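# Survey of secondary and tertiary structure
So you can see what is in the structure, the chains are spelled out below.
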Amino acid sequence: MEYVIEMNHITKRFGNFTANDDITLQVKKGEIHALLGENGAGKSTLMSVLFGLYQQEEGNIRINGKDVNIKNPNDANDLGIGMVHQHFKLVHNFTVLESIVLGRETTNYGVLKMSEARKKVVELSERYKFKIDPDAYIQNITVGMQQKVEILKMLYCDNEILIFDEPTAVLTPQEISELMKIMKQLVAEGKSIIFITHKLNEIKEAANRCSVLRKGKYIGTIEVADTSKEEMSEMMVGRKVNFIVEKNEQHLGEPVLEVKNLSIKSKYTGKNVVDQVSFQVKKGEILCIAGIDGNGQSELVYGITGMMPIDQGQIIMNGKEITNESIRKKCLDGMAHIPEDRHKDGLILDYTLQENLVLQSYYTDRFQRRGFLKFDAIKLYAKELIERFDIRSGQGENSIVRGMSGGNQQKVIIARELDRNPEIVVAVQPVRGLDVGAIEYIHKQLIAQRDAGKGVLLVSLELDEVMNVSDRIIVMYEGEIVADVNPKEITVQELGLYMAGTKRSVNNEVKA
Amino acid sequence: MKSKLNSEGTIRFLSSILAIVAGLLFGLIILLTSNPSQALGGFAMIIQGGFTDGIQGIGQTLYIATPIIMTGLSVGFAFKTGLFNIGATGQFTMGALAAVLVGVKCTFLPAGIHWLVAVLAAMLAGALWGAVPGILKAYRNVNEVIASIMMNYIGMYLTNMIIFRTIYDELKNQSKPVAASANLPKAGLDQLFPGTNINIGILIAILFVVIIYIILNKTTFGYELKACGQNPSASKYAGINSKRNVVLSMVFAGGLAGIGGALLYLAGSGKYIQVLDVLAPEGFTGISVALLGLSNPVGILFAGLFIGYITVGGYNMQLFDFAPEVIDMIIAAIIYCGALSLLFKGILSKLLSGSKKGGKKS
């Protein structure tokens, strides 16, 4: 069998750390080859080696049977390798057409000649039924469309080997199935795809074969059709993983958090990004706010936690109005916040682990005396939390947080927020970018809070999470709540329709 | 040993040293182009710096270093809070004015107290000058760089005006000399370093290095300040009152620069505030000191001493027919290379990890 890509016995080290240890990846022509592994398993490193961003220390790469030496991304491009990155690399105030030709402009004496490019882009777009307007600005099109622009970009350069780096993370279920179709059409035309993901459903649906990495080592390559999801996850994590989130019976209590008619105006457009939102979270309940990214969930949470001023509405916690209280007062009253962006809001990256663990409590008598920090107490506390939450790092409590892995950084925040014994936990995408093991762990922690009779407000973009963890789901679309449903009585497809705004069951117009 | 070599702090320290070496080499080139025959002699003077005249040179180094350590602390402290205090000059000038005013006018104060009151007045004046941009930044989001540059000019002209009206020495176009009781005590240091202008100023500067180090590293206040500087967003999330911290940080920074002004003009060295339309250079040198010292209080102490050291060398260079301005150019070159210290850091990390790998293989 002819392989289009052969990466043989690739080893890549960073100092003492071996990111790729003797990894072999062989991709057949015309297949979708999934690359599965937890965070830090070495998927990105391997792809960076293929894409010319890193040089391997050992091993060789063969493309179409020929030995190649890929020194930089241009070499990769010349060999027909293209990549859709997890975070799109697009210019916001460029049009679709401009974005696609960026870097490969055809010019006539230094003047742009777009007509040929336009013809080719329109042709490609029609062939794959992308329905894309070449003159739309990137900032005005949906994330799903932006991804299509990235795909067009690869096709425009006639790439034959396409790498998709976690392409589904930002899409709705409808968009995901569309993407799967496109990928299948691409391989049917003889292109080859490497599909990086840690979602097993998608591998089952789209991929032909799957190579699994774990902790920098090659575990094996399997035929997807002959392997169950359980087997794949076991290969990936190295142990059995519970897919079903186990929850005890629910004991609903009094409402712990009430939001009434909350509105937030956009600073730029003056439109309401959060529009007359009302809901309750009861004790012993996990309420999930579902929705596609950018429909006002982030602003809503910022409004509730006090990070952003609100224009209208009331926030009530345990029967007490806290609308205008400071962030610290809310925190003292028992609101824990696991923020969406852990690097921007949740951590001070150049502080040590122990300093980050007391970020919300350094001013309490436990950790300071007359304005002087009690380093002994802080250290002791940090050691305890590190032990209890299994936070792993190079130098224990003295590690600089910037150097820790994403999963462990998130554990720092979880440990800090949950150990304060809060009344309500506001968690925004707490498992974003984390691997199966860490996700399982964090979900367990959230459910433990619920079982202890606390309220949990969970904002999530991941449908699996929405469906499995929550007790009740509200869906936000363009700043409004368009559905309030029970996860046991709704299908993923139906939820997708609410998220895309094509269906609504809660009528807000009447209230307004 | 290897792990020690590889530690972040060591690499940063070494990169600062490399920056200094590169700056000095650049200085040598300047000397060679301006006067080749005397270049090596002049260069030797720079290298010998404060050691040229033995104990006297060392004393002189300490004297010159004192005010710039204070302005360096001022800039570095604000920088830890994420603020660029380019207004150290104005705060320094206002501090100098307050100190000299108290020194000349308040002769009713007893001898042991007089200089102390003058220093405190300088601190308050500097703090006030720092507070204005701080308040504007915190409550009106006015960029502190712009505000403090403007405060520099206001401070300079106001100082000229007040001196002109109150303590003006017409003959020399400068402030009148302060009363002897307002001069900083020598505390026997002048016997240790005979023939120099040294006094307890350097001890006060070192005291503040220690105080600032403790504030930044041991207190909740310092914890908050650094948090605001490194990640304003996360500080807000943690409920830290960043507005208050911005103002306080600028007040502290201003106070430090103000004391710097007092320490220079109360030294009894025959230095008076000149009524000239020139911004005090000590403030800007403070920026250099803070940069070279990586905003770390201890680093700033040594950076200040180093710049004092080569400044003395610069004066001595006049023996070889070089203008003292050349030394300013060389200091500038060192700072310039200091800005490239990231580059040096990268090279060093690579070299060290390379040698490590080599060692492992063999």
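Everything numeric here is computed off the predicted structure, so don't read it as measured data.

Conventions used here
- Residues numbered from 1 in each chain as written.
- Chains lettered and ligands numbered in written order.
- Predicted model: local features only at pLDDT ≥ 70, side-chain atom pairs only at ≥ 80, totals over all residues.
- Helix = DSSP H or I, 4+ residues; strand = E, 2+ residues; numbered from the N terminus.
- Rg over C-alpha atoms; globule rule 2.2 N^0.38 Å.
- Buried ≥ 20, exposed ≤ 12 C-beta atoms within 10 Å, placed from the backbone.
- Contact = placed C-beta atoms within 7 Å.
- Axes fitted to C-alpha atoms, helices over the stretch in contact; angles between N-to-C directions.
- Parallel < 35°, antiparallel > 145°, perpendicular 65-115°, else oblique.
- Left-handed = near helix turned anticlockwise from the far one by under 90°.
- Nonpolar A, V, L, I, M, F, W, Y, C, P; charged D, E, K, R; others polar.
- pLDDT = per-residue confidence, 0-100.
- Pairing = 2+ DSSP bridges.
- Domains from an automatic or database assignment.
- Core = buried A, V, L, I, M, F, W, Y, C linked by C-beta atoms within 7 Å.
- Expected span 1.5 Å × (residues − 1).

### Focus: the overall build of chain A
Scanning chain A from N- to C-terminus turns up 18 helices and 24 strands. Here the C-alpha atoms of chain A give a radius of gyration of 25 Å, agreeing with the 24 Å that 2.2 N^0.38 yields for 512 residues. Along the first, second and third principal axes, the C-alpha atoms of chain A reach 70 × 55 × 50 Å. In chain A, buried positions account for 44% of the 512 residues. Sequence-distant contacts, at least 24 apart, represent 68% of the contacts inside chain A between residues at least 6 apart.

### Structural notes on the overall build of chain B
Across its full length, chain B holds 16 helices and 2 strands. In terms of overall dimensions, chain B is globule-like: its C-alpha atoms have a radius of gyration of 21 Å, near the 21 Å expected for 362 residues. Over its C-alpha atoms, taken along the principal directions, chain B stretches across nearly 75 × 60 × 35 Å. Taking as baseline every contact in chain B between residues at least 6 positions apart, the subset at least 24 positions apart corresponds to 79%.

### Re the packing of helix H5 (residues 88-105) of chain B against helix H7 (residues 144-166) of chain B
A pair of packed helices can be characterised by two numbers: the angle between their axes and the separation between those axes. Residue and element names in this part refer to chain B. H7 packs onto H5 with a crossing angle of 20° between their chain directions and a minimal axis gap of 7 Å. By the angle between their axes, H5 is roughly parallel relative to H7. Between H5 and H7 lies a crossing whose hand is left-handed. Note on element contacts: H7 touches H5 through Ser148, Met151, Asn152, Ile154, Gly155, Met156, Thr159, Ile162 and Thr166, opposite Thr89, Gly90, Thr93, Met94, Leu97 and Leu101. For the contact of H5 with H7, the residue count by class is 7 nonpolar, 8 polar and no charged.

### Concerning the packing of helix H6 (residues 111-140) of chain B against helix H12 (residues 242-265) of chain B
Residue and element names in this part refer to chain B. The geometry of H6 relative to H12 is characterised by a closest axis approach of 6 Å and an angle of 145° between their N-to-C directions. Crossing of H6 over H12 shows right-handed handedness. Class assignment for the residues of the contact of H6 with H12 results in 21 nonpolar, 8 polar and 2 charged.

### Details of the confidence of the model for chain B
When pLDDT is low, close inspection of the predicted coordinates is not appropriate. Residues and elements named next belong to chain B. For chain B, the mean per-residue pLDDT works out to 86, and 93% of the residues sit at or above 70. Contacts from residues 1-5, a stretch scored under 50 in pLDDT, to residues over four places away or in other chains number 4 contacts. For this predicted complex, the interface confidence reaches an ipTM of 0.80, while the overall pTM sits at 0.76.

### With respect to the sheet that holds strand E17 (residues 320-321) of chain A
All names here are of chain A. As summarised here, the arrangement of the 4 strands in space is E14-E13-E16-E17, forming an open sheet in which the pairing is antiparallel. Here the strands that pair on one side only, and so sit at the sheet edges, are strand E14 (272-282) and E17. Pairing analysis gives 2 bridges linking strand E16 (residues 312-317) to E17, with the strands arranged antiparallel. The residue of E17 that forms the bridge with isoleucine 316 is glutamate 321.

### Overview of the interface of chain A and chain B
Each side of the interface is counted separately: chain A has 22 residues, and chain B has 15 residues. Residue composition of the side of chain A that touches chain B, grouped by class: 11 nonpolar, 7 polar and 4 charged.

### Observations concerning the domain arrangement of chain B
Residues and elements named next belong to chain B. Each domain of chain B was delimited in the assignment, giving domain 1 (1-35 + 322-362) and domain 2 (57-317). Computed from C-alpha atoms alone, the centre-to-centre distance between domain 1 and domain 2 is 28 Å. On the domain 2 side, the residues contacting the 9 residues of domain 1 number 11 residues. Elements supplying a minimum of two residues to the side of domain 1 that touches domain 2: helix H2 (8-34) and helix H15 (325-339). A total of 5 residues in the side of domain 1 that touches domain 2 trace back to one element, the largest contributor, which is H15.

### What about the nonpolar core?
Leu50, Phe195, Val426 and Val475 of chain A are the most contacted members of the largest nonpolar core, which totals 145 residues. Those residues in contact with valine 475 of chain A that sit more than four places away from it in its chain are Ala290, Gly291, Ile481, Val482, Ala483, Leu495, Tyr498 and Met499 of chain A. Formed by 100 residues, the second largest nonpolar core is a distinct cluster that contains Ile46, Ala122, Met123 and Val289 of chain B.

### Points about the confidence of the model for chain A
Summarising the model, chain A shows a mean pLDDT of 87, and 97% of its residues fall at 70 or more. Within the model, pLDDT remains below 50 along residues 508-512 of chain A, and this stretch shows 5 contacts once partners closer than five positions in the same chain are excluded.

### Focus: helix H5 (residues 143-156) of chain A
Between its first and last C-alpha, H5 of chain A extends 20 Å over 14 residues, near the 20 Å set by a 1.5 Å rise per residue. Buried positions along H5 of chain A lie against strand E6 (81-84), helix H3 (96-101), helix H4 (114-127), strand E9 (161-165) and helix H6 (173-188) of chain A.

### Considerations on the sheet that holds strand E21 (residues 424-428) of chain A
Residues and elements named next belong to chain A. Spatially, the 6 strands line up as an open sheet ordered E18-E21-E22-E15-E23-E24, and their pairing is mixed. The open sheet has two free edges, formed respectively by strand E18 (335-338) and strand E24 (480-485), since each of these has just one partner strand. Adjacent strand axes in the sheet meet at a mean angle of 20° when their direction is disregarded. Against the sheet, helix H14 (residues 406-418) contacts E18 and E21, and its axis sits at roughly 175° relative to E18. Contacting strand E15 (285-290), strand E23 (472-477) and E24, helix H17 (residues 492-499) runs over the sheet at an angle of about 35° to E23.

### Some points on unusual backbone geometry
One non-glycine residue, asparagine 64 of chain A, lies in positive phi territory at about 50°. Among the secondary structure elements, asparagine 64 of chain A is positioned in the loop between strand E4 (58-63) and strand E5 (66-68). Among the residues examined, asparagine 64 of chain A registers 15 C-beta atoms within 10 Å and is labelled partly exposed. A positive phi angle, close to 50°, is found at asparagine 141 of chain B, a residue other than glycine. For asparagine 141 of chain B, the position within the fold is in the loop between H6 and H7. Accessibility expressed as a C-beta count within 10 Å gives 8 for asparagine 141 of chain B, which makes it exposed.

### Brief notes about the domain arrangement of chain A
Residue and element names in this part refer to chain A. Along its sequence, chain A is carved into domain 1 (3-237), domain 2 (242-334 + 422-512) and domain 3 (344-421). In this assembly, 11 residues from domain 2 lie in contact with 9 residues from domain 3. No other element matches the 4 residues that helix H15 (residues 436-451) contributes to the side of domain 2 that touches domain 3. Considering only residue class, the side of domain 2 that touches domain 3 consists of 7 nonpolar, 3 polar and 1 charged.

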